Amino acid sequence: MSTRFHPRRQRGIALPVMLIMMLVMLVTSIYLLRSSNSTTLSASNLAYDATLSRAVDLGLHSGFQWLRVTAIADRAELNADDTENGYLASLDTSLTPRDSGFWSGSVEIEDDDGNKIEYVIHRLCEKSGGYNAVTAGVSNACVQTAANTVKLGTTVAIGESLASDAPAYASSPQLHYVITARLDGARGGNVINQMVVLIGA
């Protein structure tokens, strides 16, 4: 007795599975392309922001140089405003760098790449004049820090005597100055950097 082999009918399962796999691969490739574009844009924006931040540091450096030279030449000049050099001997604490009044008396400089950088220097005092001045019975209030007494690897601070009966004088406080610089980028990027400088009174 002979048995005949009857082949089973093909049901076509492989075709739908392959179509689903191709659809998944297509969606994944689209997502990968968008992700790589997003990463490239983010890296480009970060590089642009870093470039602007480095450029605006020129304003901080210029302000610091003026402060340093003025403090060495005649520290008393720092008791009064000097708007030609972007310096104000007081700070209105109700203003922030976003307010236009904060930038009154500022100076604008241009770097080698044509960026226009604006900076202003504020002494952290309520009003101009000496840090310990008293006007109409009201003392000037300034942010102060005690002088640094670090020994720099020696047993005594520089300028101090080793004698046991040497007089010990209280040193002058250091006043705080804030240099603020900003730059408006060509693509709408705005950068504001600040630096605090301490100078002895």
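In this text, all values refer to a predicted model and were calculated from it rather than measured experimentally. (Residues numbered from 1 in each chain as written. Predicted model: local features only at pLDDT ≥ 70, side-chain atom pairs only at ≥ 80, totals over all residues. Heavy atoms only, no water.)

Undergrad: Just checking my understanding: could you explain the nonpolar core for this structure?
TA: The nonpolar side chains of a soluble globular protein tend to be buried with one another. With 24 residues, the main nonpolar core has Leu67, Leu78, Tyr87, Ile121, Tyr177 and Ile199 as its most contacted residues. Within the residue set of this core, elements represented by two or more residues are α1 (14-73), β3 (116-123), β7 (174-184) and β8 (190-200). With 7 residues, α1 is the single largest residue contributor to this core. Leaving out residues up to four positions away in the same chain, Leu78 has contacts with Trp66, Leu67, Thr70, Ala71, Tyr87, Ala89, Arg123, Tyr177 and Ile199. (Core = buried A, V, L, I, M, F, W, Y, C linked by side-chain atoms within 4.5 Å. Buried < 20%, exposed > 50% of the residue type's maximum accessible area, 1.4 Å probe, protein only. Helix = DSSP H or I, 4+ residues; strand = E, 2+ residues; numbered from the N terminus. Contact = heavy atoms within 4.5 Å.)

Undergrad: I tried to follow the pairing of strand β2 (residues 107-110) on my own but got confused; where do I start?
TA: Within a regular strand, the side chains alternate between the two sheet faces. With 4 bridges connecting them, β2 and β3 associate as antiparallel partners. Bridged to Ile109 within β3 is Ile117. The hairpin formed by β2 and β3 contains 5 residues between the paired strands, and Gly114 there has a positive phi angle of roughly 85°. (Pairing = 2+ DSSP bridges.)

Undergrad: Is there a simple way to explain the packing of aromatic side chains in this structure?
TA: Two measures describe an aromatic ring pair: the distance that separates the ring centres and the angle between the ring planes. The final tally for this structure, using the stated rule, is 3 aromatic pairs. For the pair Trp66 and Tyr87, a centre-to-centre distance of 5.3 Å together with 35° between the ring planes defines the contact as tilted. Here Tyr87 lies in strand β1 (residues 87-88) and Trp66 lies in helix α1, a separation of 21 residues in the sequence. Summarising the aromatic geometry, the rings of Phe102 and Trp103 are spaced 5.5 Å apart at their centres and angled 75° between planes, so their arrangement reads as edge-to-face. (Phe/Tyr/Trp six-rings, centres within 6.5 Å; stacked < 30°, edge-to-face > 60°.)

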